[in-house]
There are 2 protein chains.
Amino acid sequence: MRTMTKKKGASALPLNTILAGDCIEAMNSLPEASVDLIFADPPYNLQLKGDLHRPDNSRVDAVDDHWDQFSSFAVYDAFTKAWLKAARRLLKPDGAIWVIGSYHNIFRVGATLQDEGYWILNDVVWRKSNPMPNFRGKRFTNAHETMIWASKSEGAKYTFNYEALKALNEGIQMRSDWVLPICNGGERLKDSNGDKAHPTQKPEGLLHRILVGSTNPGDVVLDPFFGTGTTGAVAKMLGRDWIGIEREEAYREVAARRIASVRKYDREALQVSTSKRAEPRVPFGQLVERGMLRPGETLTSPSGKIAKVRADGTLIGDDVKGSIHQVGAHLEGAPSCNGWTYWHFRREGKTVSIDVLRQQVRAEMVERTH
Amino acid sequence: MRTMTKKKGASALPLNTILAGDCIEAMNSLPEASVDLIFADPPYNLQLKGDLHRPDNSRVDAVDDHWDQFSSFAVYDAFTKAWLKAARRLLKPDGAIWVIGSYHNIFRVGATLQDEGYWILNDVVWRKSNPMPNFRGKRFTNAHETMIWASKSEGAKYTFNYEALKALNEGIQMRSDWVLPICNGGERLKDSNGDKAHPTQKPEGLLHRILVGSTNPGDVVLDPFFGTGTTGAVAKMLGRDWIGIEREEAYREVAARRIASVRKYDREALQVSTSKRAEPRVPFGQLVERGMLRPGETLTSPSGKIAKVRADGTLIGDDVKGSIHQVGAHLEGAPSCNGWTYWHFRREGKTVSIDVLRQQVRAEMVERTH
DNA sequence: TGTATACATGAATCTCAGC
DNA sequence: GGCTGAGATTCATGTATAC
């Protein structure tokens, strides 16, 4: 793990520590555009009528304030807007946020996210495999919670480790509904009385998937409602830096102890499957320059189209010339075409994809860097 | 089916008919406190830009209809507020509403519901068994839509047929996540060209579950965005009265024809509603996420081969990385390999097959869903 | 007629480096 | 910031066609 601070202009980032106090004040004390990912599990005790605080941290009194539904929503909205604004200031331009909630608060959180300029990428449902049943039989078993994943703004280049998530899901694209058990058993932290240390401790599996999917090793992850520190624990295991903010001293103590006992995974284990987009580009012309394909040689497509290689690495067909992609797209009447997988050549009586040659070139590039 | 009107004071209720025109005006023309349930599938306000192509270059037929275009969130919010207000006036005191949407609009709808005085009872997730994938690999598969179920006000005595829903669910309490296929095949209505008659037709199984669960025979069900009339068709089958409102004449015609051909208690519809559950497929990655195996941990094979677990649920061996099956096959020089029975780990001095862990996960899933 | 293969399609905010 | 061009990217299901 790196040192405790990262310099960013004049300010320092208190990495891998738990900050005490109100999350809005704490976030405002940190340098802007310094965090890669925020995970937030904000309070949503709206309908319990009590223990709700205004943005200025004064407590709302249900009786004195003539509590009603409307005023309670207004107060909650103001609180939500304030912390989402502070969080957005902290995010790097290509950073992202995850917020988790239930039907009590998630609609207000989602609307505020949109109003504040975040760009929703997905809503993801955590489908609990072992939920608490609805004992009174008056409603459906509350068997899920909703998470919203959003980038700082529209058009941002957010991190999404598509291949790693696909690998986690046994080769099938990861869906927006995740089946995971609730946090219990040995993972559930207990206080000295043997009671649960925190009412809504999130399972580490949830954070594992979020952090593997939307951060890279070395990224900075901030959790403004740290609780017992699940975010910090999983971030440490996965080689990400983390910052927690928590108001309650009892939670901070439990979290600190918990994270101290966590080990980081081996560096090798943190390497995940990568996309082809991350591979170095190989110009087709290089295959010609290197003599892997001869100018004048004929390439064929699975659909039986034909083109000839020219000395400058372009192709020429019956009535078209251009790059391997352009000629392929034209011959197929398609909007685009990946020429690397489309075109084939003959060697020793066999038809071979030109992509095999690209892979050879790439393999040599790797060899040379060792 | 009863007569076409129900007297309610001086006004009459146009039962089992489709009203033409704007839904807000039409609702305002109906008597207040006269409807038992409202099901609404409002425009989602998708903001699609260019065309989208599948990897095979075919073009996706997008929802680009004029009725889904709104110039801003403010305009969409005003529209939402107006129709929810009109709808609430129509509801009997113990009536309820269901609204369906996606992340584009559902947060705004949910917040407006709360602001207008509705009381949210559950959010229910429709998990699509066969969603359209994310073709560019940039986000999670959009595999669900969200429905909000709300009573007219807090404390209302809404209808909830707990036992009927439990029976639909093979004797287990119905959860807040429903697995149902999207509407296609014979159920999907086509126009005279053979194209889909409506871009977003909902499956009858969804409405079946909603109406069985939250109405009684003889209740009045209103749908202000009637489309091709799924709500009316299922209401008729189930012996509920219905009122549809639809602005587009083409949709009204399709809906009228469809409902005319429906018989009460249609066997086929009941069949649809009890569609099969998700198979308990367990990706290897889930064992890692859930902490049953640790990234960096070594797995062994009966033949003495070795590989290490990575954070994304892939394995890495001496000169190979990939899924448990791929790495096993490569190390054995075999065309294929069942990684579940091939790989083993050590616990308490013993060598255990990873398949034991899969069986543990499966046992938990089966326990809760059957 | 039965089986195997090919094709079509679904509420979608779906690329990115380099100039 | 805008433009150009390389080149990466899909799962489940129903229907049509081929053999």
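In this text the structure is predicted, and so the values were computed from the model without any measurement.

Okay, the overall build of chain A next. Within chain A, the regular secondary structure consists of twelve helices and 16 strands. Expressed as a percentage of the 370 residues in chain A, the buried residues total 55%. Contacts in chain A between residues far apart in sequence, at least 24 positions, make up 64% of those at least 6 positions apart. Carbon and sulfur atoms make up 50% of the accessible area of chain A, which totals about 16,900 Å².

Here we come to the protein's contact with DNA strand D. Within the structure, DNA strand D sits among 29 residues, and Tyr162(A), Lys166(A), His325(A), Ser336(A) and Arg136(B) are positioned closest to it. The contact atoms of DNA strand D, taken as those within 4 Å of the protein, divide so that sugar and phosphate hold 62%. Note that a base nitrogen of DNA strand D is positioned 3.0 Å from one of the side-chain N or O atoms of Arg136(B). Sorting elements by how many residues they give to the surface near DNA strand D places helix α4 (residues 162-168) of chain A first, with three residues. Residue composition of the surface near DNA strand D, by class: nine nonpolar, 13 polar and seven charged.

Residue and element names in this part refer to chain A. The sheet built from eight strands is open, its strands ordered β3-β10-β9-β4-β5-β7-β6-β8 with mixed pairing. The open sheet terminates on both sides in strands that have one partner only, identified here as β3 (17-20) and β8 (177-180). Between one strand axis and the next, the sheet turns through 20° on average, direction left out of account. Of the strand pairs in this sheet, β3 and strand β10 (residues 241-246) are connected by four bridges, and their pairing is parallel.

With 78 residues of chain B at the contact, the number on the chain A side is 77 residues. By the criterion of area lost to chain A, the three top residues of chain B are Phe107(B), Phe140(B) and Glu289(B), representing 13% of everything that side buries. Linking chain B with chain A are seven salt bridges, by the criterion used here. With its nearest N and O atoms 2.4 Å apart, the salt bridge here joins Arg127(A) to Asp177(B). Between chain B and chain A we count 39 residue pairs in polar contact (both at pLDDT 80 or more) in total.

Next up on the list: the packing of helix α6 (residues 230-237) of chain B against helix α7 (residues 249-260) of chain B. All names here are of chain B. At a minimum axis distance of 9 Å, the contact between α6 and α7 shows a crossing angle of 15°. Classified by the angle between their axes, α6 and α7 sit roughly parallel to one another. Handedness of the crossing formed by α6 with α7: right-handed. Contacts between α6 and α7 involve Thr 230, Gly 232, Ala 233 and Lys 236 from the first element and Arg 258, Ile 259 and Ala 260 from the second.

One turn of the α-helix equals 3.6 residues, which is why residues spaced by three or four share an orientation. Summarising burial for helix α3 (residues 106-115) of chain B: nine of the ten residues are buried, a large majority. All buried positions along α3(B) are accounted for by Ile106(B), Phe107(B), Arg108(B), Val109(B), Gly110(B), Ala111(B), Thr112(B), Leu113(B) and Gln114(B).

Another aspect to go through is the sheet that holds strand β5 (residues 91-101) of chain B. Sheet strands pair by backbone hydrogen bonding; their relative direction is either parallel or antiparallel. Residue and element names in this part refer to chain B. Ordered in space as β3-β10-β9-β4-β5-β7-β6-β8, the eight strands form an open sheet in which the pairing is mixed. Pairing within the sheet leaves two strands with one partner each, and these edge strands are β3 (17-20) and β8 (177-180). Averaged over all pairs of adjacent strands, the angle between their axes in this sheet comes to 20°, without regard to strand direction. As judged from the five bridges shared by strand β4 (residues 35-40) and β5, these two strands associate in the parallel manner. Pairing of Val 35 across the sheet is with Leu 91, part of β5. Set on the sheet, helix α5 (residues 204-214) makes contact with β4, β5, β6 (119-128), β7 (144-151), β8 and β9 (220-223); between it and β8 the angle comes to about 140°. Together, β4, β9 and β10 (241-246) form the strand contacts of α6, whose direction differs from that of β10 by roughly 170°.

The next thing to look at is the domain arrangement of chain A. According to the domain assignment, chain A contains domain 1 (17-47 + 61-270) and domain 2 (284-368). Once you take the C-alpha centre of each, domain 1 of chain A and domain 2 of chain A turn out to be 48 Å apart.

Next up on the list: the pattern of salt bridges. With the rule as written, the count across this model stands at 30 salt bridges over all chains. One salt bridge in this structure joins Asp115(A) and Arg108(B), with 2.6 Å as the shortest N-O distance. Highlighted residues: Asp115(A) in helix α3 (residues 106-115) and Arg108(B) in helix α3, drawn from two different chains. Each of Arg127(A), Arg175(A), Asp177(A), Arg127(B), Arg175(B) and Asp177(B) takes part in salt bridges that share partners, so that together they form one network.

Unlike most non-glycine residues, Glu170(A) shows phi in positive territory, near 60°. Here Glu170(A) shows up in the loop between α4 and β8. Even without being a glycine, Glu348(B) presents a positive backbone phi close to 55°. Along the chain, Glu348(B) turns up in the loop between β15 (344-347) and β16 (350-353).

For any two helices packed against each other, one specifies the crossing angle of their axes together with the interaxial distance. All names here are of chain A. One can describe the packing of helix α5 (residues 204-214) onto helix α6 (residues 230-237) by two numbers: an axis separation of 9 Å at closest approach and a directional angle of 55°. By the angle between their directions, the pair α5 and α6 is classed as oblique. You can see that α5 and α6 cross each other, and the crossing is right-handed. Where α5 abuts α6, its residues Glu 204, Leu 207, His 208 and Leu 211 lie against Thr 230, Thr 231, Ala 233, Val 234, Ala 235 and Met 237. In terms of residue class, the contact of α5 with α6 is built from six nonpolar, three polar and one charged.

The next subject is the protein's contact with DNA strand C. Residue and element names in this part refer to chain B. Around DNA strand C, the surrounding shell holds 38 residues, and the nearest of these are Arg 54, Tyr 103, Arg 136, Lys 138 and Asn 142. Here, DNA strand C places atoms within 4 Å of the protein, and 44% of those atoms are sugar or phosphate. Note that a base nitrogen of DNA strand C is positioned 3.2 Å from one of the backbone N or O atoms of Pro 42. Within the contact set of DNA strand C, a phosphate oxygen lies 2.6 Å away from a side-chain nitrogen or oxygen of Asn 142.

Calculation rules
Residues numbered from 1 in each chain as written. Chains lettered and ligands numbered in written order. Predicted model: local features only at pLDDT ≥ 70, side-chain atom pairs only at ≥ 80, totals over all residues. Heavy atoms only, no water. Helix = DSSP H or I, 4+ residues; strand = E, 2+ residues; numbered from the N terminus. Buried < 20%, exposed > 50% of the residue type's maximum accessible area, 1.4 Å probe, protein only. Contact = heavy atoms within 4.5 Å. Areas by Shrake-Rupley, 256 points an atom, 1.4 Å probe, with all protein chains shown as cover. Near = heavy atom within 4 Å. Polar contact = N/O pair within 3.5 Å; in protein donor to acceptor, adjacent residues only side chain to side chain. Nonpolar A, V, L, I, M, F, W, Y, C, P; charged D, E, K, R; others polar. Pairing = 2+ DSSP bridges. Axes fitted to C-alpha atoms, helices over the stretch in contact; angles between N-to-C directions. Buried area = accessible area lost by both parts, 1.4 Å probe. Salt bridge = Lys/Arg side-chain N within 4 Å of Asp/Glu carboxyl O. Parallel < 35°, antiparallel > 145°, perpendicular 65-115°, else oblique. Left-handed = near helix turned anticlockwise from the far one by under 90°. Domains from an automatic or database assignment.

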